[in-house]
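Architecture and fold: a report
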Amino acid sequence: MKAPPLDYVRPATVAEALAYLKQGGDGAMVLAGGQSLGPMLNLRLARPTLLVDISRLAELTRTATVNGTLAIGSAVIHADIEDGKAPDPCHGLLTETAATIAYRAVRNRGTIGGSLSHADPVGDWCPVLMALGASVVAASNAGERTIAVADFVEGVLTTSLRPGEIVTEIRIPRLAATARWGRYKICRKPGKFADAIAVVVMDTAAVQSRVAVAMPNHRPVLLPQAAVHLLALKGADRDGLAAFRNAARAELAALGASDALQLHILSAAAMRAAADALNRKRPQP
Amino acid sequence: MASQGIGASVLRNEDDRFLRGRGQYVADIALPGTLNAAFLRSPIAHARIKSITIPDDLKGRIFTAADMTGVGPIVGISSLPGFRVSEYPVLATRKVRFVGEPIAVALAPERAEAEDMIERIAVEFDPLPAAVECLDARKSGAPLVHEQWPDNVVHQAEFKLGPFDEMVKKAALKVTRQFRISRQAVMPMESRAALAHYDTRQDELVVYASHQTPHLLATGLAKFLGMSQRQVRVISPDVGGGFGLKIFVEAEALVAAALAMRLRRPIRWIEDNLEHLTADANCREHRHTLTAYADNQGKFLAFDLDVVVDGGAYSIYPWTSCVEAAQCAGILTAAYDLPSIHAKLATVATNKPPICVYRGVARPGVCFSGELIVDAVARAIGREPYQVRIDNMVRPEQMPYSTITNKLYDSGDYPESVRQAAKLADVAAIRARQRRGETDGTLIGVGFASYTEQTAHGTSVLSKWGVELVPGYEMATVRMTSDGDLVIEVGIHSHGQGMETTLAQIANEVLGIDPKRVKVKFGDTAMSPYSTGTYASRSIVMAGGAVATACRTLAKRIAVIGAHLLQAKADDVRIENAQVIGPKGQVDFSALGRAWYLHPEDLPPVVDRGGLTVTEGYRPNPDSGTFSYATHAAVVSVDPDLGTVKLIEYFVVEDCGQRVNPMVVEGQVLGGTVQGIGTALYEEALYGPNGEALTGTLADYMIPGATEVPDIKLAHMTTPSPWTEFGIKGVGEGGAIAPPAAIANAVNDALRVRGVEIAETPITPRRILAALAAAGEL
Amino acid sequence: MKVTLTLNGRPIETDVEARKSLADFIREREGLTGTHITCEQGVCGACTILVDGRPVRSCIALAVTADRRDVRTIEGFDDDPVMAIVRRCFSECHALQCGYCTPGMLVTARDIVTRLPNADRARIRLELSGNLCRCTGYLGIINAIEKAAFEIRARRP
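None of these values were measured; they are calculated from a predicted model. (Residues numbered from 1 in each chain as written. Chains lettered and ligands numbered in written order. Predicted model: local features only at pLDDT ≥ 70, side-chain atom pairs only at ≥ 80, totals over all residues. Heavy atoms only, no water.)

Considerations on the sheet that holds strand S4 (residues 63-66) of chain A
Residues and elements named next belong to chain A. Spatially, five strands are ordered S4-S5-S10-S6-S7 in an open sheet, and the strand pairing comes out antiparallel. Unpaired on one side and paired on the other, S4 and strand S7 (143-148) mark the two borders of the sheet. On average, each strand axis in the sheet is tilted by 25° relative to the strand beside it, whichever way the strands run. Across six bridges, strand S6 (residues 135-140) lies against S7 in antiparallel orientation. Bridging across to S7, Val 137 finds its partner in Thr 146. The strands touched by helix H1 (residues 14-24) within the sheet are S6 and strand S10 (166-172), with S10 carrying the most contacts at an inclination of about 130°. (Pairing = 2+ DSSP bridges. Helix = DSSP H or I, 4+ residues; strand = E, 2+ residues; numbered from the N terminus. Axes fitted to C-alpha atoms, helices over the stretch in contact; angles between N-to-C directions. Contact = heavy atoms within 4.5 Å.)

Structure (structure tokens):
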């Protein structure tokens, strides 16, 4: 299980990286943390002719808060988010999510941008960022564009990134003080690909709620119809949650991607994420 | 007892090098000029090979079967009636019979380059239908794995023992179930490895191999290379786990050896994880139909077992693929005083990798079906399963007890192990908790499983298996050095079992020498007496007995020399703490070493010519095996909405006779138990409908990690064996035998209120949810 | 390609093939065979070493990415006082059998006791979940880390 022959460059700026990508054409691939690409290289499932290492670019590892929105560099490693080195404007949802990604050794290299761009259907970041209404900034020689995460991940292992584009930043809006979040990951053991991830972000006062579900064989999805049910719930009321679950199951079934047992599991995750949100104490201001 | 001898939890001699990363495994050995091998392996489970095309620039660096005349084929033979012989070519000839079968090998200074090379080989296949599920492969009309056979049955046998028909007639109760145990990969942390080179000075082939049975490997290499035994040396250095995988003569080692001799360069093959999980010898795939006949109190009258074992495409050497199924009748009575059995056993060939003999060999499968049927019987009559076990078990006063299958149990108190396990699990409290129900909707259950394990069985047993592997007297050479330390050479191999320490403890028991002054050597066939090696939980009994015997002989010689140095009579001295102590003084072993090696003029006039080197052979008497046993108890919490199983508590009450090093024994029991948890809940080597390997990485093939393991609690009983040195019994495999049954019984106990029973491994959430759905409970 | 790094305190400047993994580089080019390879997917942890003080998977890291970094393998902890405590606790708690997973286990264990000195058994298990062992059943390892953490805490003023 040794990687195929390849070339490697480590540009000093994003502009240089973009130039290398253009030069390398189809055979050029971005290398960030390498925690998804490395295993694929060893299995020869990926055969880049040129790896462009962006992991050390200062432009991609800084964080800033602009008008309450966190702008986090795409090459920030999960461990730094886990350790609170990046500010978390989402009441701990970001730090908790980062902490459950694979293992610490993987989190010490893997990056939020790399994970999102790899678009594993049960990657940890995507459903969270979708539920938060986050977006990515993609840069190319032609300039920059901002893409909602919900639109960014288009399918299993596919994103709307165009050739020659790099994700440079993820923008995560601050969660309102009145908002609550819940998360439930069904995973047989840490580091294993999850069977289901559900994330609920709701703000009854603002009449806003989002439910995001990730599953093994489909891109992660938002469930807007099921999300509406949550706003009517006062607490983790059993019947209300059951109704929410049924709504989630129906909305997932309409995707046509899951059998009955998987719908059962996905809707269970959604319900438990909702219960988690409803039971979670709001942080004191 | 000495504080560092039998029964002491002495810290291990071998730890230091491992803790500093200074162990030496095959892949750590660097020989100048080594070429690394990469094998082109079949991507298809069953096909004729139409052509193999090697690019011109790679000729001379890529080899196929055409280059391997005179090498192999590997033929594992059993003399059991009806056994069908398969020829396992070292590189595929006209056909491939499993995904992963080696077809060609490329050599390059770097493994990466060799992998580049095999991608350039073009193979044309003529696909054939594949026999994948063993029950289907057994049916007439199934694709034939070996076209010269009339069907795919490698071996089958039928036994009826005891008054079976009579027992069936009078039985008030008949309970039948079908069971499936998944195919598994052994998955030691170090995969297989071989480094071959020709030593021109010694005029011998030297093969470094990650192996549990170095002498057997040497025997097999010589055999299949057409060499004399004296021309082959095998060195098994540090080995990163074996568990019954590293016990066969591997095609890759033969190819490496042949090419090393032909090219006069060292050839190295390090199996990678993809190769191991997809193409390597797998194990454990059983299909059982088991019927228990009992009276209306739950007293067993007869067991009727139909077992099919998936043997894979070829028999390995020397074990063959039939050794797993062929044992199932003999072990069917387990710990029970069972009057009769009927068993139909079959090993069926399939287009999957050959099977090996993973920890427990047949026992995990038979324990699974047997112990689940015990619980089914108990439920049918409304009694506690652990009570039904106690009522049926062989009682201590019946020891030694001969089963109807001719196994002679030497000692043990099986019912007491159940009583203790039930007490530890606090069954009454669990029943009360079940009646109350859990507020979070989960279901609690408790399950038991008991087993007996034949260990250290010798000539009288293995000679009946009909394979080219029969242990005789186990040998040990014990030598005192000129400065009074001890070197022990044994033919077994320690790869985690701590024998660099436990054998030193035995030397301590006899001679009083500090185990730190004892060097235990093994693994190099040039420097160790012949032995069939480490398997079947034999090593501490056999090698330990040999070491004890040799040390006692050495002690006599030490006494003679020591007495002379002390100017006393040999009868008036004793040996203690590595000294010879006489009426008027004492002398250290180093003085004896000095006398024998450096100043023989100081020796007594009459002295054994063998001096301070003793080689002795040992076998227990009788050598039909010594039986360890245990009862495991699992307490689980099942989430009926997610299908997940959580191990809340796990207890093991085990008895392996006199423990040499309790710490080492606990490590073996815990390690085995966790492998059993893997079988119970996580491990499944999946093959698609055309025999394609689906679980090729550790991302897919799950083995337990630290989060999957509860704080397992161990309790020990000690009923020494009357037939072994110090009453010790083997223990290495036992932990892995019971967990699938104990956990399945606990899950079924929890799901009883939902009318669901699970009868297959691994018990995944999907299987539980599917069973609940089928019962209308989802 | 040229790569410059510090390996167990020793500066190295050398050429390496771009595709060579850091694990293979350490083992084959530098002869430091204490770092072991099992899964080559980053799952099992046998290859875990420290890069700039952080545990990483050397099997899926390219050697070129270690350029200008400080790399420490199991051999580099011979004289480390924290590792000495961890090693002794491993031996006392029988936290190793065949030794193959042990170097990676020790690097992770040392990270746990230094980064999370108050980790309870559940947390220790979670932090260990990326280091697989097939021999010990993990309890000895968990006990060893718990013991080492306790000893290290006890020594703090």
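So much for the structure itself; the text now carries on.
Digging into the interface of chain A and chain B
Between chain A and chain B, the residue contacts involve 24 residues of the former and 28 residues of the latter. Of the roughly 2100 Å² buried between chain A and chain B on both sides combined, carbon and sulfur atoms contribute 57%. Of all residues in chain A, the largest losses of buried area upon contact with chain B belong to Met1(A), Arg188(A) and Leu261(A), amounting jointly to 33% of the total for that side. Where chain A packs against chain B, one counts nine salt bridges. (Buried area = accessible area lost by both parts, 1.4 Å probe. Salt bridge = Lys/Arg side-chain N within 4 Å of Asp/Glu carboxyl O.)

What about the side chain of Thr764(B)?
Mapped onto the elements, Thr764(B) comes out in the loop between helix H18 (739-751) and helix H19 (765-774). Here Thr764(B) is in contact with Arg188(A), Gly643(B) and Leu681(B), once residues within four sequence places are set aside.

Regarding the environment of Ala428(B)
Locating Ala428(B) in the fold gives a position in helix H12 (residues 427-436). Taking the C-alpha atoms as reference points, Ala428(B) and Glu87(B), separated by 341 residues in sequence, lie 57 Å from one another.

Some points on the pairing of strand S24 (residues 585-588) of chain B
Residues and elements named next belong to chain B. The alternating pattern of S24 places Gly 585 and Val 587 on a buried face, while none of Gln 586 and Asp 588, on the opposite face, is buried. The pairing of strand S23 (residues 579-582) with S24 spans four bridges and is antiparallel. Pairing of Ile 581 across the sheet is with Gln 586, part of S24. The loop that links S23 with its antiparallel partner S24 comprises two residues. (Buried < 20%, exposed > 50% of the residue type's maximum accessible area, 1.4 Å probe, protein only.)

Looking at the confidence of the model for chain C
For chain C, the average pLDDT comes to 97, and 99% of its residues sit at 70 or higher. Under the prediction, the complex receives an ipTM of 0.98, its pTM being 0.98. (pLDDT = per-residue confidence, 0-100.)

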